[in-house]
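# Coordinates in review
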Amino acid sequence: MAATIAGVFNPELQNLIKESKILLVGAGGIGCEVLKNLVLTGFSELEVIDLDTIEVSNLNRQFLFSKESVGKAKSHVAKTSVLKFNPNVNIMSHFGDIMDTKYGVAFFNKFKLVINALDNKKARSHVNRMCLSCQIPLIESGTMGYNGQVEFIKKGVTICYECNTRAEPRTYPMCTIRNTPKEPIHCIIWAKFLFNQLFGEIDEIVSFDEENIESEKLSARNWAIQNDYNPKKLFKKVFFDDIKALMNMKDLYADKKIKPVLLDESLLDQEHVKYSDVLDSEMLTLEQNISMFLDCVTPIKEQWEISTNKCLVWDKDDDMMMNFVVSCSNLRSALFNIPFKTHFDIKSMAGNIIPAIATANAMIAGQIVIHALRILRGKFEKCQNVFLRSMPNHKGGVLVKDRCLQPPNPKCNVCSSKGEIIFTTDMNNFTVRQLEELVLKKKLNMVAPDVTMLDRVIISSDETDGVDMYDMTLSEAGMTSGCSFDAEDDHQNFRVKIIAFDKEKSRDEDPDFEIFNNKNDLHTANEQNNKTKPDEDDEDDCFIDQAESTVCDNNGDTREAVNHLMVDKEEIGYEEVTEGGAEEIGNEEEEITEKISNEEIDAEEISNEEKLAIKRKADEAIEDINDAKKSRVD
Ligand SMILES: Nc1ncnc2c1ncn2[C@@H]1O[C@H](COP(=O)(O)OP(=O)(O)OP(=O)(O)O)[C@@H](O)[C@H]1O
Ligand SMILES: [Zn+2]
């Protein structure tokens, strides 16, 4: 393989590649690409873990899987497929959840490097903590549409995954979309899937009872063709019969609050209800949604019949396609007791659903392996974060690199030793169970938390301890405003001191609890009348400011400008694959910088015009990086 081909890598690196044990977490879109790259690069000691089985919808980009492998464990099939590239590689595949306590410190300690190719924040945070605890370098990655990033994390050297607040993830589990929608967006995604099933490229199967999912004969498309896309029959099938089938799957809704309700049968025969005079910003009634659905099926079917390969691409600017998604998602909402949305809202929400792009995953996976090689050689300083942009920058590049490693945030609850957070809630109503589920597990990403207050155990991860205070409120459990307690997760080697304040809920819409990183944030929040949550842009700005301050020093404009240009230079010279190969910059500003760094000219001697030129270039470069960061994927 590549590592052993003379001239590709030096003998020392060849050995490192052969001998280093690597853990890959996730064998999905990015994971498949990474596994293939690792094997083809010559890595020979690999373990891969994934908790999921293969779905039809994975096949378009997770190329290690084929139709025959649908339903099988991703990790096992991925292993079998890449062994065909090189049968001499030692790969162990695990079909399991990386958060399972059986993958503890002893498991992680085996690895020289861990690579995350995950799709959720909780698992990412968990692996982050495990790697910090075991002092193992971690490569974190993600893509969204054409965007993506690769981040290097090492305790004491870089920021960790949790050093900065991250936007909430924008992906949705398929089971929620299929069976237990809770929000309008779940119904909108479902409606788009249904559209694809009937008229487009089939991705997820969202309709028609589960037993027949694999049966081609009863696929939604074939059913619709057999019934000549009769709108009324389709309406009955999707919004009545399928729901009855879902309701019969007792286990699905056994202990959940979310259960579908059946619509009134008389709606099947309702007269046409006019909706053309309803503005896009106004809400349609249930009856209007039904009429809209019945009206749009036939025109779309006619478009589909004459389309290339009989395949339509959903387009938010096509009135009929838009009406289909509006009516289907609102009808689905009616079944699950979810508020309707207006045409206008649905258009913007449906237009923002971002598809996974195979080439973005491939580029990110390539970059992951380049980082892996640097890490093995101990060249951490070259592992700056890399961002994949959706549009080329002014130099025609789509991959941009941070100017330097981001140092750890000393206030981080996870990687700094001073983990302390402020927690406010209504202590007379908030229960110990809510503290465990909503705060410790959901918000703070713990897996098996223990809570002690003044040596008294309030929550124990060990059932045999017999501690059961779950139904008590925090007050009943002995907490008072201003008290502090320790929450820890031994498995993650993560502990944090929590200072709790009692805060009565004055309005229904107030949150059940809030978390602040320090007292100042709490005070600011109180001052702003609880409007605390920074929006996404603020977070990004914060992040970027921090990055800039680590590079610029106080030596005045010229130095700053030159520093900025260095970024530009590195970024343009995205040639590091060749490790120090010549860069094709060749512009005036570059020559000046080189002269300065070679001490051929004194920085002070640069003319103002030249300074301005440098500054202009630098600003463009910074803008590029900032643009890329704004689309950081979680
Ligand atoms: N806790 C976990 N333990 C093990 N594997 C996990 C865990 N959580 C998620 N995964 C796996 O991570 C993989 C993520 O891949 P997925 O394809 O969804 O996203 P991706 O690789 O980021 O790319 P894309 O979204 O483009 O497909 C999935 O196969 C999923 O099963
Ligand atoms: Zn941190």
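Cut-off values and rules
Residues numbered from 1 in each chain as written. Chains lettered and ligands numbered in written order. Predicted model: local features only at pLDDT ≥ 70, side-chain atom pairs only at ≥ 80, totals over all residues. UniProt positions renumbered as here; feature names shortened; annotations may be inferred. Pairing = 2+ DSSP bridges. Helix = DSSP H or I, 4+ residues; strand = E, 2+ residues; numbered from the N terminus. Near = placed C-beta within 6 Å. Nonpolar A, V, L, I, M, F, W, Y, C, P; charged D, E, K, R; others polar. Expected span 1.5 Å × (residues − 1). Buried ≥ 20, exposed ≤ 12 C-beta atoms within 10 Å, placed from the backbone. Axes fitted to C-alpha atoms, helices over the stretch in contact; angles between N-to-C directions.

An unreviewed UniProt entry lists the protein chain under the name SUMO-activating enzyme subunit, from Macrosiphum euphorbiae. The Pathway (unreviewed entry) comment attached to the protein chain in UniProt states, word for word, "Protein modification; protein sumoylation." As recorded by UniProt, the Sequence similarities (unreviewed entry) comment attached to the protein chain reads in full: "Belongs to the ubiquitin-activating E1 family."

## Considerations on the pairing of strand E13 (residues 494-502)
Across 6 bridges, the pairing between strand E9 (residues 420-425) and E13 is parallel. Across the sheet, Phe423 pairs through a bridge with Ala500, a residue of E13. Sheet topology places strand E12 (residues 483-489) next to E13; 7 bridges connect them, and they run antiparallel. From the neighbouring strand, Ser484 faces E13, where its bridge partner is Ile499.

## Looking at the site of ligand 1
In the vicinity of ligand 1, 25 residues are found, and the nearest of them are Gly26, Gly28, Gly29, Asp52 and Ala356. Mapped by element, the contributors of at least two residues to the shell around ligand 1 are helix H2 (29-41), strand E2 (45-50) and strand E5 (138-144). Ranked by the residues each element gives to the shell around ligand 1, the list is headed by H2, at 3 residues. Considered class by class, the residues forming the shell around ligand 1 number 11 nonpolar, 8 polar and 6 charged.

## Here we look at helix H12 (residues 319-335)
With 17 residues, H12 extends 24 Å between its outermost C-alpha atoms, agreeing within 8% with the 24 Å of an ideal straight helix rising 1.5 Å per residue. H12 sits mainly inside the fold: 15 of its 17 residues count as buried. One or two residues past the end of H12 sits Asn337, with phi positive at roughly 60 degrees.

## With respect to the sheet that holds E13
Strand order in the open sheet formed by 6 strands is E11-E10-E12-E13-E9-E14, and the pairing between neighbours is mixed. The strands lining the two open edges of the sheet, one partner per strand, are strand E11 (456-459) and strand E14 (513-516). On average, each strand axis in the sheet is tilted by 30 degrees relative to the strand beside it, whichever way the strands run. Relative to E11, strand E10 (residues 450-453) runs antiparallel, the two being bridged by 3 bridges. Opposite Met453, over in E11, you have Arg456 as the bridge partner.

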